[in-house]
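Observations on the model geometry
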Amino acid sequence: MAKATTRFVCSACGAVYPKWEGRCEACGEWNTVVEEAIPLAPGIAHGGKAKAGGTRRIPFVALAGSAEPPPRTPSGIVELDRVLGGGLVPSSAVLLGGDPGIGKSTLLLQAAAKIADSGRRVLYISGEESIEQVRLRARRLGVADSRLELAAAINLRDIVASLEGASDAALVVIDSIQTMWLDTIESAPGTVSQVRACGFELIRLAKAGRFAVVLVGHVTKDGSLAGPRVLEHMVDAVLHFEGDRGHQFRILRGVKNRFGPTDEIGVFEMTETGLAEVPNPSALFLAERRGNVSGSAVFAGLEGTRPVLVEVQCLLSPNPGGAPRRSVIGWDSGRLSMLLAVLETRCGLKLNASDVYLNIAGGLRIGEPAADLAVAAAVVSAAADVPTDPAMVFFGEVGLSGEVRQVAQAESRLKEAQKLGFAAACLPRRVARGNRPLFAPEGLALHEIGHLGDLVARLAGKRSAGKEGGPDA
Ligand code: TYD
Ligand code: MG
């Protein structure tokens, strides 16, 4: 009976080791491997015994066959439904991740109440807050009269027993998976074994029943609470709720989705009475922009299928000695270094004696290379101390030789700029594909450029013109 009773599990990715390791080989994180009791029996909630009586042959079928699109239960919250791909799919499992306090419970209570009010059965199980706390929140959100059914519980055996008779439910919300606890596993709630086993049971129930299950998972860097990443491969969709608690915007992002797109975002604003949908995020992101300051450029970006305009801000401050700082919020720092190198080497801009601070206003995080041109415009504008045209948007990818490259969906970006009252766009030189004519937006002057040097010449040229011609630029 010298059988090991503990094992070592990475709290970031769930990899299992027989002995302690300083660094997890699977995900490369340091100090995330923690000791845990080995679960007594897998597959527990049903008495713990594996089915006796041997195996069953699985049938193989032809690939060709009927496949209907899955039915959906729309939540009625357009921004959420867009990210889900049209609504919740029955029998599916969704993981909603995000920092504590970002608004996950708020979003789910609002969505759950809406679905319940459309006549479907919705069960909301809170492991973190008491019934009174959830009721208070519901009152604040104006959904206190909803027909949603509420329970405060953490014992998974009880929850499973209660849900087995709930096949008429459309949605079950578990808030949060880290508070759920299965008595057959010795480790504490929130550990990798507990999160994995509880998640597995709940997902199995959803597949067997007809309801969708939404699991809330806090993402923490703290090793004592297992990240819900161990569940990511088990669920059908992973949504991240992100944002800066200092800002009121919240962005819901699809990271994985077996039933829909993964690049869509939903934009919300946290208000006194809960999360409000933001149907026109560009107007919101540009609301506090001040027109005539240097170091600012508007990027015509694309989030999923949706064009979004955001302000890119750059500040240069002199750093006479030492290694200059490059600090980036909302964009990739490697990409910024590349762009600065291109500006120095190909366009002759002197930046190595300056600290560079780059910020995407409003708390949005941009992943598109199409932002290169807008970032370059902000940097050049800051370096030349000349504002960019406040009525102009920028987009385009920049290559290592300084060439400005085509990006996808120029037309929708231009249309969004036009809709928001912009008068000009600076973009890569367009080439017609096939015999489709190039889009000609009304009232929008297009400045097509082939090389980053053209942009530098434009902005720097403005500066010398201003210095010679007027009293002040
Ligand atoms: P919550 O949904 O509890 O976050 P999570 O479940 O992700 O931990 O949201 C908590 C924050 O949201 C809290 O700091 C207060 C704020 N809030 C509002 O600003 N307005 C509201 O109507 C509600 C319900 C919460
Ligand atoms: Mg919560």
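The rules we used
Residues numbered from 1 in each chain as written. Chains lettered and ligands numbered in written order. Predicted model: local features only at pLDDT ≥ 70, side-chain atom pairs only at ≥ 80, totals over all residues. Heavy atoms only, no water. Near = heavy atom within 4 Å. Polar contact = N/O pair within 3.5 Å; in protein donor to acceptor, adjacent residues only side chain to side chain. Areas by Shrake-Rupley, 256 points an atom, 1.4 Å probe, with all protein chains shown as cover. Helix = DSSP H or I, 4+ residues; strand = E, 2+ residues; numbered from the N terminus. Nonpolar A, V, L, I, M, F, W, Y, C, P; charged D, E, K, R; others polar. Pairing = 2+ DSSP bridges. Contact = heavy atoms within 4.5 Å. Axes fitted to C-alpha atoms, helices over the stretch in contact; angles between N-to-C directions. Parallel < 35°, antiparallel > 145°, perpendicular 65-115°, else oblique. Phe/Tyr/Trp six-rings, centres within 6.5 Å; stacked < 30°, edge-to-face > 60°. Buried < 20%, exposed > 50% of the residue type's maximum accessible area, 1.4 Å probe, protein only. Lys NZ or Arg CZ within 6 Å of the ring centre and 35° of its normal. pLDDT = per-residue confidence, 0-100. Core = buried A, V, L, I, M, F, W, Y, C linked by side-chain atoms within 4.5 Å. Arc of directions from axis to C-beta.

What follows covers the site of ligand 1. In the vicinity of ligand 1, 17 residues are found, and the nearest of them are Gly-101, Lys-104, Ser-105, Thr-106 and Gly-274. Measuring from an oxygen atom of ligand 1, one finds a backbone N or O atom of Gly-101 at 2.7 Å. Note that an oxygen atom of ligand 1 is positioned 3.1 Å from one of the side-chain N or O atoms of Arg-137. Relative to its free-state accessible area of 550 Å², ligand 1 is covered by the protein chains to the extent of 77%. Taken together, the elements giving at least two residues each to the shell around ligand 1 come down to helix H2 (104-117), helix H3 (131-141) and strand S11 (265-271). Of the residues contributing to the shell around ligand 1, the split by class is four nonpolar, eight polar and five charged.

With that out of the way, let us pick up the sheet that holds strand S1 (residues 6-10). Spatial ordering of the open sheet is given by S2-S1-S3, a layout of three strands whose pairing is antiparallel. With one partner strand each, in any of the chains shown, strand S2 (16-17) and strand S3 (33-37) form the two edges of the open sheet. When S1 meets S2, the two strands line up antiparallel, connected through two bridges. Paired with Phe-8 across the bridge in S2 is Tyr-17. Helix-sheet contacts for helix H5 (residues 192-208) involve S1, S2 and S3, and the interaxial angle to S1 is about 80°.

Next up on the list: the packing of H2 against H3. Here H2 crosses H3 at 70°, and the two axes come no closer than 11 Å. Here H2 lies roughly perpendicular to H3, going by the angle between them. Mapping the contact onto sequence places Ser-105, Thr-106, Leu-109 and Gln-110 in H2 and Val-134, Arg-137, Ala-138 and Leu-141 in H3. By residue class, the composition of the contact of H2 with H3 is four nonpolar, three polar and one charged.

On to the packing of aromatic side chains, then. In the structure shown here, the tally under the stated rule is two aromatic pairs. Ring geometry for Phe-241 versus Phe-268: centroids 5.9 Å apart, planes at 80°, classification edge-to-face. Placement of Phe-241 in strand S9 (residues 237-242) and of Phe-268 in strand S11 is noted, with a sequence separation of 27 residues between them. Pairing Phe-249 with Phe-285 gives two aromatic rings, centres 5.3 Å apart and planes at 75°, and the pair type is edge-to-face. Of this pair, Phe-249 sits in strand S10 (residues 249-257) while Phe-285 sits in helix H6 (residues 281-285), and the two are 36 residues apart along the sequence. For the pair Phe-249 and Phe-285, a shared accessibility class is recorded, and that class is buried. In this structure, Arg-413 is placed above the aromatic ring of Phe-395, and the distance from its NZ or CZ to the ring centre is 5.5 Å. Positioned over the ring face of Phe-439 is Lys-415, at 5.2 Å from the centre of the ring.

Attention now moves to the confidence of the model for the protein chain. When pLDDT is averaged along the protein chain, the result is 87, and 91% of the positions lie at 70 or above. A low-confidence stretch, residues 41-50 (pLDDT under 50), is modelled with 12 contacts involving residues beyond four sequence positions or located in other chains. For residues 467-473, every residue scores under 50 in pLDDT, and the model assigns this stretch two contacts once sequence neighbours within four places are set aside.

So, about the environment of Arg-121. Along the chain, the position of Arg-121 falls in strand S5 (residues 121-126). Judged by its relative accessible area of 26%, Arg-121 is partly exposed. As a C-alpha pair, Arg-121 and Ala-166 span 45 residues in sequence and 9.0 Å in three-dimensional space. Beyond its immediate stretch of four places on either side in the chain, Arg-121 contacts Glu-149, Ala-166, Asp-168, Ala-169, Ala-170 and Leu-171. Engagement of the side chain of Arg-121 in a polar contact is seen with the side chain of Glu-149, the distance being 2.9 Å.

The biggest cluster of nonpolar side chains holds 65 residues, and the ones touching the most others in it are Phe-299, Trp-331, Leu-343, Leu-452 and Leu-455. A total of nine residues in this core trace back to one element, the largest contributor, which is helix H8 (residues 372-384). Apart from residues lying up to four places away in sequence, Phe-299 is in contact with Val-308, Leu-309, Val-310, Val-312, Ile-366, Glu-368, Ala-370, Ala-371, Ala-374, Phe-394, Phe-395 and Arg-413. Core analysis: the second largest hydrophobic core is formed by 34 residues, Leu-80, Leu-88, Val-122 and Phe-241 among them.

Attention shifts here to helix H4 (residues 156-163). The set of residues buried in H4 consists of Leu-156, Ile-159, Val-160 and Leu-163. Around the axis of H4, the buried residues are gathered within 100° of arc, so they sit on the same side. Every exposed residue of H4 that faces more than 90 degrees away from the buried side is listed here: Ala-161 and Ser-162. One side-chain oxygen at the N-terminal end of H4 lies 2.9 Å from the backbone nitrogen of Arg-157; it belongs to Asn-155.

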